[in-house]
Amino acid sequence: MPSDAPITQDVVTIPRKLPDGHVNIVGLTRAKLREVLIENGTPEKQAKMRVNQIWQWVYQWGVRDFAEMTNLSKTYRADLAEKFVIEIPEMVSRQISADGTRKYLVRIAGGHEVEVVYIPETDRGTLCVSSQVGCTLTCSFCHTGTQKLVRNLTAGEIVGQIMMARDDLDEWPQPGVGTGDAGPRLLSNVVLMGMGEPLYNFDNVRDAMKIAMDNEGISLSRRRITLSTSGVVPEIAKTAEEIGCMLAISFHATTDEVRDKLVPINKRWNIEALLAALKAYPKLSNSERITFEYVMLKDVNDSDDDARRLVRLIEGIPAKINLIPFNEWPGSPYQRSDWSQIKSFADVIYKAGYASPIRKPRGEDIMAACGQLKSATERARKSRKQIEAEAGLG
């Protein structure tokens, strides 16, 4: 897309309510799908085969109409349509940034809304997925954190965001075509870095990612899925054992005093407890390294002393450090670090032997950058004074 391309927005329909009594197939694990098929009349001896067939139609080819599942009998297709639906979250609006980033406002059951972001790059396309409506963590630098938690998303609503984006990108293979035969993927990576704390919605996130990783469906490698957490320590080992994806930590500070203000969950599980849990993670999940996310806040956490302290803290953990220039939002109590200081910080880390890429801000013109997501139903702004007081800066 040309750099001077206009921001565009498309508005689509409000989602319809699910028919009473119908079961939504999207988000069911294979075991649960088998169970509900049997409960609704599928002979037990046929259930495994039917699960495989339906799974492939829904998750490999993106089919939403049972009538199109041509390797099932017409009678069985009609029976499925009477009892089940294939529903994903509805796109309410789509904004396209000058840099090609797409931000979707997505409506889920109950009329709630979340935001989802697609970031195209030369060698990949990354979808930033939400796991909760709002967030309970109140990280003081994060716009999403100023929105109260409404509820967890279901597994179907989480994996449905991936399906919705593939719809928009027109990326489903034709029926009969294998996922790997359709050429390079536009949507090749998923990051659980949208609205919410994924590890406060562990079961639904796990089930959604298991569906996304299934080789007979969307078929994303576990190495192409990254879960970002602020540090819910008891769930970190479970993430390794039950999901096995890559892990990113919203770290952002090198002392408990500063992290308590930036990432209040630190008051429950401090830096020492978090790092102890992380040291076991690469071995448990067979991941190469953990990503430490570090937002650069002017005169708060960006000194060279902070960089040296960070290097000492993560010693012994296979890691890279993603430096994130702060993305400002209306009323934010912080400023982005000066570019010269960001480069100085990165240089300290690089000389210590760690990769220290500086993340290029994407989609800032449509408020789609890291830390800027906040659903349109929760746009009420707190005053700068209120936000500064909550951040401990007043």
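Check the entry above for the structure.
Basis of the calculations
- Residues numbered from 1 in each chain as written.
- Predicted model: local features only at pLDDT ≥ 70, side-chain atom pairs only at ≥ 80, totals over all residues.
- Heavy atoms only, no water.
- Helix = DSSP H or I, 4+ residues; strand = E, 2+ residues; numbered from the N terminus.
- Buried < 20%, exposed > 50% of the residue type's maximum accessible area, 1.4 Å probe, protein only.
- Contact = heavy atoms within 4.5 Å.
- Areas by Shrake-Rupley, 256 points an atom, 1.4 Å probe, with all protein chains shown as cover.
- Polar contact = N/O pair within 3.5 Å; in protein donor to acceptor, adjacent residues only side chain to side chain.
- Expected span 1.5 Å × (residues − 1).
- Bend = angle between axes of the 7 residues up to and from the residue.
- Salt bridge = Lys/Arg side-chain N within 4 Å of Asp/Glu carboxyl O.
- Core = buried A, V, L, I, M, F, W, Y, C linked by side-chain atoms within 4.5 Å.
- Axes fitted to C-alpha atoms, helices over the stretch in contact; angles between N-to-C directions.
- Parallel < 35°, antiparallel > 145°, perpendicular 65-115°, else oblique.
- Left-handed = near helix turned anticlockwise from the far one by under 90°.
- Nonpolar A, V, L, I, M, F, W, Y, C, P; charged D, E, K, R; others polar.
- Pairing = 2+ DSSP bridges.
- Right-handed = clockwise from strand over helix to strand, strands pointing away.

Draft legend 1. Seen up close, the overall build of the protein chain. Scanning the protein chain from N- to C-terminus turns up eleven helices and 14 strands. Per-residue burial for the protein chain yields a buried fraction of 54% across its 394 residues. By sequence separation, contacts in the protein chain at least 24 residues apart represent 69% of the contacts at least 6 residues apart. For the protein chain, the exposed surface amounts to about 17,400 Å²; the carbon and sulfur share of it is 49%.

Draft legend 2. Region of the structure containing the side chain of Glu113. You can see Glu113 is positioned in strand E6 (residues 113–120). One polar contact links Glu113 to Arg107, side chain to side chain, over a distance of 2.8 Å.

Draft legend 3. Seen up close, helix H2 (residues 44–60). Over its 17 residues, H2 runs 24 Å from end to end, which matches the ideal 24 Å to within 8%, given 1.5 Å per residue. If you look at H2, its biggest bend is around 25 degrees, right at Arg50. For H2, the set of buried residues is Ala47, Arg50, Val51, Gln53, Ile54, Trp55, Trp57, Val58, Tyr59 and Gln60. Each element contacted by the buried residues of H2 is listed here: helix H1 (30–39), helix H3 (74–83), helix H4 (155–169) and helix H5 (202–213). Two residues or fewer past H2, Gly62 is found with a positive phi of approximately 70 degrees.

Draft legend 4. Summary view of the pattern of salt bridges. This model, assessed by the stated rule, comprises 21 salt bridges. In this structure, Glu44 engages Arg34 in a salt bridge whose closest nitrogen and oxygen atoms are separated by 3.7 Å. Remark: Arg34 occurs in helix H1 and Glu44 occurs in helix H2; sequence separation between them is ten residues. Taking the relative accessible area as the measure of exposure, Glu44 reaches 53% and is therefore exposed. Note that Lys298 and Asp338 form a salt bridge whose closest N and O atoms lie 3.5 Å from each other. In this pair, Lys298 sits in the loop between strand E13 (290–296) and helix H9 (304–313) while Asp338 sits in the loop between strand E14 (319–325) and helix H10 (339–351), placing the two residues 40 residues apart along the sequence. When its relative accessible area of 39% is taken as the criterion, Asp338 is described as partly exposed. A cluster of three or more residues bridged by salt bridges with shared partners is formed by Asp203, Arg206, Asp207 and Glu242.

Draft legend 5. Region of the structure containing the nonpolar core. Counting 103 residues, the largest nonpolar core has Ile162, Met209, Leu278 and Phe292 as the members making the most contacts within it. Among the elements that line this core, the one with the most residues is H4, at eight residues. Ile162 has contacts with Leu127, Val129, Leu187, Val190, Met209, Ala212 and Ile218, leaving out every residue within four places of it along the chain.

Draft legend 6. Layout of the packing of H4 against H5. The interhelical angle for the contact between H4 and H5, taken along N-to-C directions, is 40 degrees, at an axis separation of 8 Å. It follows that H4 is oblique to H5 by the angle criterion. The two elements H4 and H5 meet at a crossing, and its hand is right-handed. In contact with Ala155, Ile158, Val159 and Ile162 of H4, H5 contributes Asn204, Val205, Asp207, Ala208, Met209, Ile211 and Ala212. Residue composition of the contact of H4 with H5, by class: nine nonpolar, one polar and one charged.

Draft legend 7. Structural view of the pairing of strand E7 (residues 125–128). Burial along E7 is two-sided: Gly125 and Leu127 and Thr126 and Cys128, pointing in opposite directions, are all buried. Sheet topology places E6 next to E7; four bridges connect them, and they run antiparallel. Residue pairing in the sheet places Val117 in a bridge with Cys128 of E7. Linking two consecutive strands that pair antiparallel, namely E6 and E7, is a turn of four residues. Note that E7 and strand E10 (residues 189–192) share three bridges and pair parallel. Paired with Thr126 across the two strands is Asn189, which belongs to E10.

Draft legend 8. Layout of the pairing of E14. A large share of E14 lies buried, amounting to six of its seven residues. Strand direction decides the pairing type here: E13 and E14, joined by seven bridges, are parallel. By the bridge assignment, Ile290 is partnered in E14 with Ala319. Of the crossover connections in this fold, the one passing from E13 over H9 to the parallel E14 is right-handed.

Draft legend 9. Seen up close, the environment of Asn266. The residue Asn266 is located in the loop between helix H7 (256–262) and helix H8 (271–285) in this model. Remark: the alpha-carbon pair of Asn266 and Phe251, spanning 15 residues in sequence, is separated by 9.5 Å. Apart from residues no more than four positions distant in its own chain, Asn266 is found in contact with Asp256, Arg259, Asp260 and Ile271. A distance of 3.3 Å separates the side chain of Asn266 from the backbone nitrogen of Ile271, its partner in a polar contact.

Draft legend 10. Main features of the side chain of His252. Tracing the chain through its elements places His252 in the loop between strand E12 (246–250) and H7. Engagement of the side chain of His252 in a polar contact is seen with the backbone oxygen of Glu293, the distance being 3.2 Å.

Draft legend 11. Molecular detail of the environment of Asp302. In this fold, Asp302 is placed in the loop between E13 and H9. Note on Asp302: relative accessible area 7%, which makes it buried. Counting along the chain gives 39 residues from Asp302 to Gln341, while the straight-line C-alpha distance between them is 7.1 Å. Every residue in contact with Asp302, bar those within four places of it in the chain, is listed here: Met296, Leu297, Ser337, Gln341 and Phe345.

All we've got here are geometric facts, nothing functional implied.
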